[in-house]
Amino acid sequence: MEPYVPVKRLHPEAKLPKYAHTGPFGDLAADLYSVAGAYIEPHKTALVPTGIAMAFPAEYGALIEDRSGLAVKGITTLAGVIDPGYRGEIKVVLINITDAPIALNAGDRIAQLRMVRKIEARFEEVDDLDATHRGEGGFGSTGHN
């Protein structure tokens, strides 16, 4: 059963998140929309409001992810974790990684909202960790860069 997420419109022009494709082979994430225009200078960030707030169930949260159409133009997201207890406006941190300013309009799809199930781990300090075939190898340790 899908989780129920109440959404409060904080601005009359705000759009609720929407899946472009639903069903068995539908989208993993719902589109998020800007409620205001934004002008993002080269190599700068902007906090873009969506005009909505949500009440996630205690066992769910969300991640804010890139939209591929914007990413290919040089606009990507940063800092996109929404905890279950957060009830404020959803705002999207966008960065322009190009050398030219980029303008966004109110109503533009600016990011995607991916629902995630909350898993709370128990972290415990130990003296040693179990050995694996990778050992301490990091980036490139598989030999497949």
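The name an unreviewed UniProt entry gives the protein is dUTP diphosphatase, with Terriglobus roseus as the organism. Per its UniProt entry, the protein bears the Sequence similarities (unreviewed entry) comment "Belongs to the dUTPase family." Of the protein, the UniProt comment under Catalytic activity (unreviewed entry) reads exactly: "dUTP + H2O = dUMP + diphosphate + H(+)".

Caption draft 1: Representation of the overall build of the protein. What the protein contains, in helices and strands, is one helix and 10 strands. In sequence order, the protein lays out its α and β elements as β-β-β-β-β-α-β-β-β-β-β. Relative to its length of 145 residues, the protein is extended, with a C-alpha radius of gyration of 19 Å against a globular reference of 15 Å. Along the first, second and third principal axes, the C-alpha set of the protein runs to 55 × 40 × 35 Å. The 145 residues of the protein split such that 30% are buried. Counting only contacts in the protein whose residues sit at least 6 apart along the sequence, the fraction spanning at least 24 positions is 72%. Taken as a whole, the protein presents about 10,200 Å² of accessible surface, with 53% of it coming from carbon and sulfur.

Caption draft 2: Quick look at the sheet that holds strand β8 (residues 89-96). In space, the four strands of this open sheet follow the order β1-β4-β8-β6, with antiparallel pairing throughout. Among the strands making up the open sheet, the edge pair consists of β1 (7-9) and β6 (75-78). Recorded for the sheet is a direction-independent mean angle of 45° between the axes of neighbouring strands.

Caption draft 3: How the structure looks around the environment of glutamate 65. Tracing the backbone through its elements, the reader meets glutamate 65 in strand β5 (residues 60-65). Between the C-alpha atoms of glutamate 65 and leucine 113, which are 48 residues apart in sequence, the distance is 6.3 Å.

What counts and how
- Residues numbered from 1 in each chain as written.
- Predicted model: local features only at pLDDT ≥ 70, side-chain atom pairs only at ≥ 80, totals over all residues.
- Heavy atoms only, no water.
- UniProt positions renumbered as here; feature names shortened; annotations may be inferred.
- Helix = DSSP H or I, 4+ residues; strand = E, 2+ residues; numbered from the N terminus.
- Rg over C-alpha atoms; globule rule 2.2 N^0.38 Å.
- Buried < 20%, exposed > 50% of the residue type's maximum accessible area, 1.4 Å probe, protein only.
- Contact = heavy atoms within 4.5 Å.
- Areas by Shrake-Rupley, 256 points an atom, 1.4 Å probe, with all protein chains shown as cover.
- Pairing = 2+ DSSP bridges.
- Axes fitted to C-alpha atoms, helices over the stretch in contact; angles between N-to-C directions.

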